[in-house]
Amino acid sequence: MPGKLIRLFVHPGDRVRVGDRLAVLQAMKMEHDIRAPVSGTVSRLNCAEEALVDGGQPLFEIEPDHAESSA
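Residues numbered from 1 in each chain as written. Predicted model: local features only at pLDDT ≥ 70, side-chain atom pairs only at ≥ 80, totals over all residues. Heavy atoms only, no water.

Trainee: What is the right way to read unusual backbone geometry from this model?
Mentor: With the exception of glycine, the majority of residues adopt a negative phi angle, and the majority of peptide bonds are in the trans configuration. Although it is not a glycine, Lys 29 adopts a positive phi angle of roughly 65 degrees. A relative accessible area of 84% places Lys 29 in the exposed class. Backbone geometry at Glu 50 places phi at a positive 75 degrees, although glycine is not the residue there. Residue classification places Glu 50 among the partly exposed positions, given a relative accessible area of 46%. (Buried < 20%, exposed > 50% of the residue type's maximum accessible area, 1.4 Å probe, protein only.)

The structure is reproduced here in structure tokens:
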């Protein structure tokens, strides 16, 4: 959903696990946690704090762990 990215908790190179909190998006007068859908390494951020983002815009790129991607 479109909104404003008000807080980032990760940087490129950070390892994350499924469900880890990546960011907080403010939309529709509410704050929404953005959580990791897979375990792996954050390879790229496609946004910055305070950025306005469109609905469906990829905010992060995560390189999945090999064990998880083969399952």
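So, next bit.
Trainee: Could you clarify how one ought to interpret the sheet that holds strand 4 (residues 30-35) in this entry?
Mentor: Through backbone hydrogen bonds, the strands of a sheet pair up, either in parallel or in antiparallel fashion. Spatially, 4-3-1-6 is the arrangement adopted by the 4 strands of the open sheet, whose pairing is antiparallel. Either end of the sheet is taken by a strand with one partner, and the two such strands are strand 4 and strand 6 (52-53). (Pairing = 2+ DSSP bridges. Helix = DSSP H or I, 4+ residues; strand = E, 2+ residues; numbered from the N terminus.)

Trainee: Help me understand the pattern of salt bridges, please; the structure alone is not making it clear to me.
Mentor: Side-chain pairs of opposite charge can arise whenever the charged atoms involved come near each other. Per the counting criterion, the structure on display carries 5 salt bridges. The partner of Asp 33 in a salt bridge is Arg 21, with the nearest N and O atoms 2.9 Å apart. One end of the pair, Asp 33, is in strand 4; the other, Arg 21, is in strand 3 (residues 21-27), with 12 residues separating them in the sequence. A relative accessible area of 36% places Asp 33 in the partly exposed class. Of the residues examined, Arg 21 reaches a relative accessible area of 37% and is grouped as partly exposed. Here Asp 33 makes a salt bridge to Arg 35, at a shortest N to O gap of 3.1 Å. A single network of salt bridges, built from pairs that share partners, joins Arg 21, Asp 33 and Arg 35. (Salt bridge = Lys/Arg side-chain N within 4 Å of Asp/Glu carboxyl O.)

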